[in-house]
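Working through the structure, step by step
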Amino acid sequence: MNILITGGTGLVGMHLSRMLRDKGHQVSHLSRKENLQAEFPAYRWDIDEEFVDAKALQQADHIVHLAGASIVGKRWTASQKQLILDSRVKSIRLLARQIETSGASIQSFVSASAVGYYGNTGDMIITEASPAGDSGFLVESCELWEQAVEDVVALGIRTVRMRIGIVLSALDGALPKILLSFKVNAGTWFGDGSQYYPWVHIDDVARMFVKAVEDDTLQGAYNATAPNPVSNKDFVKILAKALDKKALLVPTPAFVMRLVMGEMADTVLHGSRVIPQRMSDAGFEFKFEDLEAAFRDIIRRKV
């Protein structure tokens, strides 16, 4: 099959692209700059110009939509929040319009979302049947993100929304930043450390996207997380154990995180005990259900 990926050069996108290629699929990307000689041919699109290269759409059987401005990195000013929302909502609506006008025969549209959809829910077990959270920018952005997918649903295309947790990889994301402190034999949890972190190994999240493309019975929302979320405090303790390091583990008070990060501190101070009920029910077999084993594999393989 021919799979077109937005955000294909990102952490999940590149891992997924190579996995799909290894399974015999043809993979291409949508990018700000055309580069048909790249490892994965890149066709141009531009959200502000409302442009998508029709050739990319017309040859695609499936679209995986991963593009979106990073939630972390820059303080959540009003303009940054709007950029985050626009990069998700406008991009999906643009794709829906261009699919319709180009006459492309798209079999499925698999879109990233995030577990931020559920908000800060303490130790309550959260499944796909759980409602959206009731407050916060993470909740708002995820709700609008998923609502935009309805434009694709209206075209009669099978759609899947993947609510991704904390992706574990040595190459990018949260883990390399956390590992920095362990270089000086120290580690920290945030606030009281009781907030749950729904994590997932980079291999497993990519495999879930592959399943979403290949299995035409999948439709709707799925939690793309491992079955065993842990608290922030346990996350740090298990990482220290996987590194075989005796490290000083101390808390960073919530007020310090708020001073440094502002509202963006929600990304580390809030959590939800999310489990992938629908993905498990669909027969997906996780390679990494145990966090220590996941850490050890990532550190060994540097993936």
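A few points on the structure.

If you walk across this open sheet you meet the 8 strands as E4-E3-E2-E1-E5-E6-E8-E13, and the pairing is mixed. With partners counted over all chains shown, the strands left at the sheet margins are strand E4 (51–52) and strand E13 (220–224), one partner each. Bridge analysis of strand E1 (residues 2–6) against strand E2 (residues 26–31) gives 5 bridges, and the strand direction is parallel. The residue of E2 that forms the bridge with isoleucine 3 is valine 27.

Moving on, we get to unusual backbone geometry. The backbone of glutamate 50 shows a phi angle near 55°, a positive value even though the residue is not glycine. Structurally, glutamate 50 is set in the loop between strand E3 (42–46) and E4. Owing to a relative accessible area of 49%, glutamate 50 belongs among the partly exposed residues under this scheme. Unusually for a residue other than glycine, asparagine 185 sits at a positive phi of about 60°. According to the relative accessible area criterion, asparagine 185 is partly exposed, its value standing at 40%.

The next point concerns the pairing of strand E8 (residues 158–164). By the criterion of burial, E8 is predominantly enclosed, with 7 of the 7 residues buried. A two-sided burial pattern is seen for E8, the buried positions comprising Arg158, Val160, Met162 and Ile164 on one face and Thr159, Arg161 and Arg163 on the other. The pairing of strand E6 (residues 108–114) with E8 spans 7 bridges and is classified as parallel. The residue of E8 that forms the bridge with phenylalanine 109 is threonine 159.

So, on to the pattern of salt bridges. Applying the stated criterion across every chain, the model contains 21 salt bridges. The closest approach of N and O atoms between arginine 93 and aspartate 151, which form a salt bridge, is 3.7 Å. In this pair, arginine 93 sits in helix H3 (residues 78–102) while aspartate 151 sits in helix H4 (residues 137–153), placing the two residues 58 residues apart along the sequence. On the basis of relative accessibility, which here comes to 37%, the residue arginine 93 falls in the partly exposed class. For aspartate 204, the salt bridge identified is with arginine 207, shortest N-O distance 2.7 Å.

To continue, consider the packing of aromatic side chains. Inspection of every chain in the model, using the stated rule, returns 5 aromatic pairs. Taking 5.8 Å as the distance between ring centres and 70° as the angle between the ring planes, the aromatic pair formed by tyrosine 197 and phenylalanine 235 counts as edge-to-face. Taken as a pair, tyrosine 197 in strand E11 (residues 196–197) and phenylalanine 235 in helix H7 (residues 232–242) lie far apart in primary sequence, 38 residues in all. Classification of tyrosine 197 by relative accessible area gives buried; the value is 6%. Taken together, a centroid distance of 5.2 Å and an interplanar angle of 80° make the contact between phenylalanine 235 and phenylalanine 295 edge-to-face. Note that phenylalanine 235 is positioned in helix H7 and phenylalanine 295 in helix H11 (residues 291–301), a separation of 60 residues in sequence. Joined through ring pairs, the aromatic side chains of Tyr197, Phe235 and Phe295 make up one cluster. The ring of tryptophan 145 carries the charged tip of arginine 88 above its face, separated from the ring centre by 4.5 Å. Here the guanidinium or amino end of arginine 278 rests over the ring plane of tyrosine 222, the centre of that ring lying 4.1 Å away.

The rules we used
- Residues numbered from 1 in each chain as written.
- Predicted model: local features only at pLDDT ≥ 70, side-chain atom pairs only at ≥ 80, totals over all residues.
- Heavy atoms only, no water.
- Pairing = 2+ DSSP bridges.
- Helix = DSSP H or I, 4+ residues; strand = E, 2+ residues; numbered from the N terminus.
- Buried < 20%, exposed > 50% of the residue type's maximum accessible area, 1.4 Å probe, protein only.
- Salt bridge = Lys/Arg side-chain N within 4 Å of Asp/Glu carboxyl O.
- Phe/Tyr/Trp six-rings, centres within 6.5 Å; stacked < 30°, edge-to-face > 60°.
- Lys NZ or Arg CZ within 6 Å of the ring centre and 35° of its normal.

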